[in-house]
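Chain by chain, the residues:
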Amino acid sequence: MEAVSSLRVLNTAEQAILRVVPDRLKNTVESLLISDYTEEIRFRVNRPVQTIGRRGERLITEHYDFTKKEAESMLEAICNHSVYSMENELCAGYVTLAGGARVGVSGRPIFEKGRITRLTAVSSFNIRIPREVVGCAETSMDMIAQNGYPISVIIASPPGMGKTTFLRDCARCISNGIGVLRPLRVAVADERNELSGSVDGIPELDLGMRTDVMASVPKHISIPMLVRSMAPDVIITDEMAGEQDYLAVSDAAKYGVAVIASVHAGSGSELRAKPYIGAAISEGLFKRALFLRRVGRKINLLAVDS
(Lines give C-alpha, C1' and ligand atoms only; values in the text may rest on other atoms or scores of the structure.)
Protein backbone atom coordinates (compact mmCIF):
# COMPACT_ATOMS: atom_id res chain seq x y z
CA MET A 1 0.00 0.00 0.00
CA GLU A 2 1.36 3.42 -0.93
CA ALA A 3 2.06 6.12 1.61
CA VAL A 4 -0.80 8.53 2.17
CA SER A 5 -0.82 12.15 3.12
CA SER A 6 -2.59 12.44 6.45
CA LEU A 7 -6.01 14.04 6.37
CA ARG A 8 -5.64 14.63 10.09
CA VAL A 9 -2.93 14.53 12.71
CA LEU A 10 -2.57 11.12 14.34
CA ASN A 11 -3.61 11.12 17.99
CA THR A 12 -1.40 9.87 20.84
CA ALA A 13 -2.60 6.26 20.59
CA GLU A 14 -2.11 6.14 16.83
CA GLN A 15 1.36 7.65 17.08
CA ALA A 16 2.25 5.02 19.70
CA ILE A 17 1.05 2.25 17.39
CA LEU A 18 3.06 3.61 14.48
CA ARG A 19 6.22 3.67 16.60
CA VAL A 20 6.10 -0.07 17.40
CA VAL A 21 5.24 -1.65 14.03
CA PRO A 22 7.99 -2.77 11.61
CA ASP A 23 9.42 0.00 9.43
CA ARG A 24 8.33 -1.62 6.19
CA LEU A 25 4.71 -1.65 7.38
CA LYS A 26 4.52 1.90 8.75
CA ASN A 27 2.95 3.42 5.62
CA THR A 28 0.36 0.66 5.49
CA VAL A 29 -0.49 0.96 9.17
CA GLU A 30 -0.69 4.75 8.95
CA SER A 31 -3.19 4.38 6.10
CA LEU A 32 -5.26 2.00 8.22
CA LEU A 33 -5.23 4.38 11.19
CA ILE A 34 -6.27 7.36 9.09
CA SER A 35 -9.08 5.42 7.41
CA ASP A 36 -10.95 5.20 10.74
CA TYR A 37 -12.41 1.82 9.75
CA THR A 38 -9.80 -0.46 11.30
CA GLU A 39 -10.35 -1.71 14.86
CA GLU A 40 -7.67 -4.40 15.16
CA ILE A 41 -4.37 -5.16 13.45
CA ARG A 42 -3.01 -8.67 14.01
CA PHE A 43 0.59 -9.76 13.45
CA ARG A 44 1.51 -13.48 13.40
CA VAL A 45 4.96 -14.88 12.68
CA ASN A 46 5.18 -16.40 9.18
CA ARG A 47 1.68 -15.16 8.32
CA PRO A 48 0.28 -12.10 6.54
CA VAL A 49 -0.84 -9.15 8.64
CA GLN A 50 -4.61 -9.25 9.30
CA THR A 51 -6.90 -6.29 9.81
CA ILE A 52 -10.37 -6.39 11.38
CA GLY A 53 -12.86 -3.55 11.31
CA ARG A 54 -16.20 -2.23 10.21
CA ARG A 55 -15.49 -3.32 6.64
CA GLY A 56 -14.79 -6.89 7.67
CA GLU A 57 -11.37 -8.52 7.74
CA ARG A 58 -8.60 -8.87 5.22
CA LEU A 59 -5.00 -10.06 4.92
CA ILE A 60 -2.19 -7.72 3.97
CA THR A 61 1.05 -9.02 2.49
CA GLU A 62 3.87 -6.63 1.70
CA HIS A 63 6.74 -8.46 -0.03
CA TYR A 64 6.81 -11.21 2.61
CA ASP A 65 5.04 -12.30 5.79
CA PHE A 66 5.65 -11.01 9.31
CA THR A 67 8.94 -12.54 10.51
CA LYS A 68 10.30 -13.85 13.77
CA LYS A 69 12.97 -11.12 13.76
CA GLU A 70 10.26 -8.48 13.33
CA ALA A 71 8.31 -10.03 16.21
CA GLU A 72 11.35 -9.77 18.48
CA SER A 73 11.92 -6.14 17.51
CA MET A 74 8.23 -5.34 17.92
CA LEU A 75 8.16 -6.82 21.42
CA GLU A 76 11.15 -4.67 22.38
CA ALA A 77 9.44 -1.56 21.03
CA ILE A 78 6.14 -2.33 22.77
CA CYS A 79 8.00 -2.76 26.07
CA ASN A 80 10.00 0.43 25.50
CA HIS A 81 13.16 -1.70 25.16
CA SER A 82 12.78 -3.13 28.66
CA VAL A 83 10.94 -6.44 28.37
CA TYR A 84 11.92 -7.39 31.92
CA SER A 85 10.15 -4.33 33.38
CA MET A 86 6.93 -5.29 31.56
CA GLU A 87 6.81 -8.94 32.62
CA ASN A 88 3.70 -8.49 34.78
CA GLU A 89 1.81 -6.98 31.87
CA LEU A 90 3.05 -9.63 29.44
CA CYS A 91 1.99 -12.40 31.81
CA ALA A 92 -1.50 -10.84 31.88
CA GLY A 93 -1.55 -11.11 28.09
CA TYR A 94 -1.36 -7.49 26.98
CA VAL A 95 0.55 -4.22 27.16
CA THR A 96 -1.15 -0.82 26.96
CA LEU A 97 0.61 1.83 24.91
CA ALA A 98 0.41 5.58 25.38
CA GLY A 99 -3.03 6.89 24.51
CA GLY A 100 -4.82 3.63 25.35
CA ALA A 101 -3.92 1.35 22.44
CA ARG A 102 -3.90 -2.20 23.79
CA VAL A 103 -1.52 -4.81 22.39
CA GLY A 104 -2.47 -8.41 23.12
CA VAL A 105 0.39 -10.92 23.00
CA SER A 106 0.68 -14.68 22.84
CA GLY A 107 3.60 -17.07 22.77
CA ARG A 108 5.25 -19.73 24.90
CA PRO A 109 4.60 -19.22 28.64
CA ILE A 110 6.70 -20.47 31.52
CA PHE A 111 4.73 -21.85 34.47
CA GLU A 112 5.90 -21.88 38.07
CA LYS A 113 3.69 -23.13 40.90
CA GLY A 114 0.61 -23.06 38.70
CA ARG A 115 0.97 -19.50 37.36
CA ILE A 116 2.59 -17.86 34.38
CA THR A 117 5.79 -16.14 35.45
CA ARG A 118 7.17 -15.26 32.05
CA LEU A 119 6.13 -15.16 28.41
CA THR A 120 8.82 -16.21 25.97
CA ALA A 121 8.97 -16.51 22.19
CA VAL A 122 6.10 -14.09 21.55
CA SER A 123 4.72 -14.95 18.14
CA SER A 124 1.43 -13.04 17.85
CA PHE A 125 0.32 -9.46 18.50
CA ASN A 126 -3.17 -8.01 18.42
CA ILE A 127 -3.26 -4.21 18.38
CA ARG A 128 -6.67 -2.87 19.39
CA ILE A 129 -7.16 0.71 18.26
CA PRO A 130 -9.14 2.92 20.67
CA ARG A 131 -11.77 4.93 18.80
CA GLU A 132 -13.61 7.79 20.45
CA VAL A 133 -17.24 8.12 19.37
CA VAL A 134 -18.21 11.29 21.19
CA GLY A 135 -21.98 11.43 21.68
CA CYS A 136 -22.67 7.69 21.32
CA ALA A 137 -24.12 7.47 24.86
CA GLU A 138 -26.20 10.63 24.82
CA THR A 139 -29.43 9.06 23.55
CA SER A 140 -29.14 6.23 26.11
CA MET A 141 -28.73 8.30 29.26
CA ASP A 142 -32.35 7.67 30.24
CA MET A 143 -31.33 4.00 30.67
CA ILE A 144 -28.37 4.95 32.85
CA ALA A 145 -30.28 7.35 35.10
CA GLN A 146 -33.52 7.40 37.07
CA ASN A 147 -35.09 10.74 37.92
CA GLY A 148 -32.05 12.44 36.46
CA TYR A 149 -29.43 10.64 38.58
CA PRO A 150 -27.26 7.68 37.53
CA ILE A 151 -27.97 4.25 38.98
CA SER A 152 -25.68 1.23 39.22
CA VAL A 153 -25.74 -0.49 35.83
CA ILE A 154 -24.07 -3.42 34.10
CA ILE A 155 -23.40 -3.00 30.39
CA ALA A 156 -23.04 -6.40 28.74
CA SER A 157 -22.23 -7.63 25.26
CA PRO A 158 -19.97 -10.10 23.47
CA PRO A 159 -16.40 -8.87 22.92
CA GLY A 160 -15.75 -6.17 20.35
CA MET A 161 -19.17 -4.54 20.39
CA GLY A 162 -18.09 -1.18 21.81
CA LYS A 163 -18.56 -1.42 25.58
CA THR A 164 -15.40 0.56 26.34
CA THR A 165 -16.35 3.25 23.82
CA PHE A 166 -19.81 3.50 25.36
CA LEU A 167 -18.50 3.66 28.95
CA ARG A 168 -16.07 6.41 27.99
CA ASP A 169 -18.89 8.53 26.61
CA CYS A 170 -21.06 7.77 29.66
CA ALA A 171 -18.32 9.31 31.81
CA ARG A 172 -18.21 12.38 29.57
CA CYS A 173 -22.00 12.82 29.65
CA ILE A 174 -22.39 12.45 33.41
CA SER A 175 -19.36 14.60 34.16
CA ASN A 176 -20.55 17.38 31.84
CA GLY A 177 -24.20 17.21 32.89
CA ILE A 178 -25.58 15.67 29.67
CA GLY A 179 -28.68 13.54 30.19
CA VAL A 180 -28.63 14.05 33.98
CA LEU A 181 -30.07 16.78 36.20
CA ARG A 182 -26.70 18.34 36.89
CA PRO A 183 -22.99 17.66 36.33
CA LEU A 184 -21.62 15.05 38.74
CA ARG A 185 -18.25 13.91 40.03
CA VAL A 186 -17.10 10.81 38.13
CA ALA A 187 -14.23 8.49 39.04
CA VAL A 188 -12.89 6.07 36.43
CA ALA A 189 -11.17 2.90 37.64
CA ASP A 190 -9.26 2.19 34.44
CA GLU A 191 -7.39 -1.04 35.07
CA ARG A 192 -6.35 -1.56 31.43
CA ASN A 193 -5.89 2.15 30.61
CA GLU A 194 -8.28 1.79 27.68
CA LEU A 195 -11.02 4.08 28.95
CA SER A 196 -8.75 7.07 29.54
CA GLY A 197 -5.62 6.38 27.49
CA SER A 198 -3.63 8.08 30.24
CA VAL A 199 -0.07 9.25 29.69
CA ASP A 200 1.84 10.12 32.87
CA GLY A 201 -1.46 9.88 34.74
CA ILE A 202 -3.24 12.41 32.50
CA PRO A 203 -6.16 11.16 30.35
CA GLU A 204 -5.69 11.57 26.61
CA LEU A 205 -9.32 10.66 25.83
CA ASP A 206 -12.38 12.77 26.68
CA LEU A 207 -13.95 11.62 29.95
CA GLY A 208 -15.52 14.94 30.88
CA MET A 209 -14.61 17.98 32.95
CA ARG A 210 -15.34 16.54 36.41
CA THR A 211 -13.75 13.12 36.03
CA ASP A 212 -10.87 11.70 38.08
CA VAL A 213 -8.95 8.70 36.79
CA MET A 214 -6.84 5.96 38.34
CA ALA A 215 -5.25 4.00 35.51
CA SER A 216 -3.32 0.72 35.33
CA VAL A 217 -4.32 -0.34 38.85
CA PRO A 218 -6.48 -3.42 39.63
CA LYS A 219 -10.11 -2.44 40.21
CA HIS A 220 -10.32 -4.00 43.66
CA ILE A 221 -7.54 -1.62 44.72
CA SER A 222 -8.48 1.52 42.78
CA ILE A 223 -12.22 1.58 43.53
CA PRO A 224 -11.87 1.81 47.35
CA MET A 225 -9.08 4.38 46.92
CA LEU A 226 -11.21 6.52 44.61
CA VAL A 227 -14.18 6.33 46.99
CA ARG A 228 -12.05 7.49 49.91
CA SER A 229 -9.94 10.10 48.16
CA MET A 230 -12.15 11.64 45.46
CA ALA A 231 -15.70 11.28 46.91
CA PRO A 232 -17.28 10.49 43.52
CA ASP A 233 -20.98 10.39 42.76
CA VAL A 234 -20.38 7.71 40.13
CA ILE A 235 -17.64 5.15 39.47
CA ILE A 236 -17.15 3.83 35.94
CA THR A 237 -15.04 0.75 35.22
CA ASP A 238 -14.78 -2.01 32.64
CA GLU A 239 -14.42 -5.78 32.56
CA MET A 240 -15.92 -6.72 35.92
CA ALA A 241 -14.87 -10.23 36.92
CA GLY A 242 -14.52 -12.28 40.07
CA GLU A 243 -14.95 -11.92 43.79
CA GLN A 244 -12.53 -9.05 44.37
CA ASP A 245 -14.30 -6.78 41.88
CA TYR A 246 -17.66 -7.73 43.37
CA LEU A 247 -16.49 -6.82 46.88
CA ALA A 248 -15.11 -3.48 45.67
CA VAL A 249 -18.44 -2.60 44.04
CA SER A 250 -20.31 -3.71 47.16
CA ASP A 251 -18.12 -1.46 49.28
CA ALA A 252 -18.74 1.52 46.97
CA ALA A 253 -22.50 0.94 47.18
CA LYS A 254 -22.35 1.24 50.98
CA TYR A 255 -21.22 4.83 50.48
CA GLY A 256 -24.04 5.58 48.04
CA VAL A 257 -21.82 5.61 44.95
CA ALA A 258 -23.39 4.42 41.70
CA VAL A 259 -21.23 2.03 39.67
CA ILE A 260 -21.43 1.64 35.89
CA ALA A 261 -19.41 -1.35 34.69
CA SER A 262 -19.08 -3.66 31.71
CA VAL A 263 -19.11 -7.46 31.47
CA HIS A 264 -18.66 -9.91 28.60
CA ALA A 265 -22.06 -11.59 28.16
CA GLY A 266 -24.59 -11.98 25.39
CA SER A 267 -27.80 -12.65 27.31
CA GLY A 268 -29.44 -12.31 30.71
CA SER A 269 -28.96 -15.98 31.50
CA GLU A 270 -25.27 -15.85 30.58
CA LEU A 271 -24.83 -12.73 32.67
CA ARG A 272 -26.50 -14.19 35.76
CA ALA A 273 -24.50 -17.40 35.40
CA LYS A 274 -21.25 -15.51 35.93
CA PRO A 275 -19.96 -16.02 39.49
CA TYR A 276 -20.37 -12.95 41.70
CA ILE A 277 -21.79 -10.85 38.85
CA GLY A 278 -25.06 -12.76 39.03
CA ALA A 279 -25.01 -12.33 42.82
CA ALA A 280 -24.42 -8.58 42.46
CA ILE A 281 -27.49 -8.34 40.23
CA SER A 282 -29.73 -10.54 42.37
CA GLU A 283 -28.72 -8.66 45.53
CA GLY A 284 -29.57 -5.34 43.90
CA LEU A 285 -26.05 -3.91 43.74
CA PHE A 286 -26.78 -3.36 40.05
CA LYS A 287 -30.26 -2.05 39.34
CA ARG A 288 -30.26 -2.71 35.62
CA ALA A 289 -28.49 -4.70 32.92
CA LEU A 290 -28.06 -3.10 29.51
CA PHE A 291 -27.30 -5.36 26.58
CA LEU A 292 -25.34 -3.49 23.95
CA ARG A 293 -25.62 -4.08 20.23
CA ARG A 294 -23.77 -2.09 17.59
CA VAL A 295 -24.59 -1.43 13.95
CA GLY A 296 -21.73 0.49 12.36
CA ARG A 297 -21.07 3.44 14.65
CA LYS A 298 -24.57 3.35 16.15
CA ILE A 299 -25.06 1.72 19.54
CA ASN A 300 -28.39 0.15 20.50
CA LEU A 301 -29.25 -0.88 24.06
CA LEU A 302 -31.79 -3.35 25.38
CA ALA A 303 -32.56 -2.66 29.03
CA VAL A 304 -33.44 -5.61 31.27
CA ASP A 305 -34.46 -4.68 34.80
CA SER A 306 -32.92 -6.87 37.47
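Residues numbered from 1 in each chain as written. Predicted model: local features only at pLDDT ≥ 70, side-chain atom pairs only at ≥ 80, totals over all residues. Heavy atoms only, no water.

Chemist: Help me get a handle on the environment of Arg55, residues and values and all.
Modeler: Structurally, Arg55 can be placed in the loop between strand E2 (49–53) and strand E3 (56–60). We classify Arg55 as exposed; its relative accessible area is 66%. Between the C-alpha atom of Arg55 and that of Arg192, which follows or precedes it by 137 residues, the distance is 26 Å. (Helix = DSSP H or I, 4+ residues; strand = E, 2+ residues; numbered from the N terminus. Buried < 20%, exposed > 50% of the residue type's maximum accessible area, 1.4 Å probe, protein only.)

Chemist: Tell me about unusual backbone geometry, and please be specific about residues and values.
Modeler: Despite not being glycine, Asn46 shows a phi value in the positive range, around 65°. One can find Asn46 in the loop between strand E1 (38–44) and E2. Of note in this structure, Asn80 is not a glycine but carries a positive phi near 55°. Considering the arrangement of structural elements, one finds Asn80 in the loop between helix H3 (68–78) and helix H4 (87–92).

Chemist: Would you mind going over the nonpolar core in detail, with residue names and values included?
Modeler: If you look at the biggest cluster of nonpolar residues, it comprises 35 residues, and the most contacted ones within it are Ile17, Val29, Phe43, Ile78, Leu97, Phe125 and Ile127. Those elements that provide at least two residues to this core are helix H1 (12–20), helix H2 (26–35), E1, H3, strand E5 (102–112) and strand E6 (115–128). Here this core gets five residues from one element, more than from any other, and that element is H1. Non-local contacts of Ile127, meaning those with residues more than four positions away in its chain, are made with Ile17, Val21, Glu39, Glu40, Ile41, Phe43, Met74, Arg102 and Val103. (Core = buried A, V, L, I, M, F, W, Y, C linked by side-chain atoms within 4.5 Å. Contact = heavy atoms within 4.5 Å.)

Chemist: Tell me about the pattern of salt bridges, and please be specific about residues and values.
Modeler: For side chains bearing opposite charge, pairing can occur when the charged atoms are close. The tally for this structure, following the rule as stated, stands at 13 salt bridges. The partner of Arg102 in a salt bridge is Glu194, and the shortest N-O contact between them spans 3.8 Å. Placement of the pair is Arg102 in strand E5 and Glu194 in the loop between strand E10 (186–190) and strand E11 (211–215), with a sequence separation of 92 residues. Note that Arg192 is salt-bridged to Glu194, the shortest N-O span being 2.8 Å. When salt bridges that share partners are traced, they join Arg102, Arg192, Glu194, Asp238 and Glu239 into one network. (Salt bridge = Lys/Arg side-chain N within 4 Å of Asp/Glu carboxyl O.)

Chemist: Tell me about the side chain of Ser152, and name the residues and values.
Modeler: Within the element layout of this structure, Ser152 appears in the loop between strand E8 (149–150) and strand E9 (153–157). At 3.0 Å, the side chain of Ser152 forms a polar contact with the backbone nitrogen of Val259. (Polar contact = N/O pair within 3.5 Å; in protein donor to acceptor, adjacent residues only side chain to side chain.)

Chemist: So what's going on with the packing of H1 against H2? Residues and values would help.
Modeler: For the pair H1 and H2, the least separation of the axes is 9 Å and the interaxial angle reads 160°. By the criterion of interaxial angle, the relationship of H1 to H2 is roughly antiparallel. Of the two elements, H1 crosses H2, and the hand of that crossing is right-handed. Taking contact as the criterion, the partners of Glu14, Ile17, Leu18, Arg19 and Val20 in H1 are, on H2, Lys26, Val29, Glu30 and Leu33. (Axes fitted to C-alpha atoms, helices over the stretch in contact; angles between N-to-C directions. Parallel < 35°, antiparallel > 145°, perpendicular 65-115°, else oblique. Left-handed = near helix turned anticlockwise from the far one by under 90°.)

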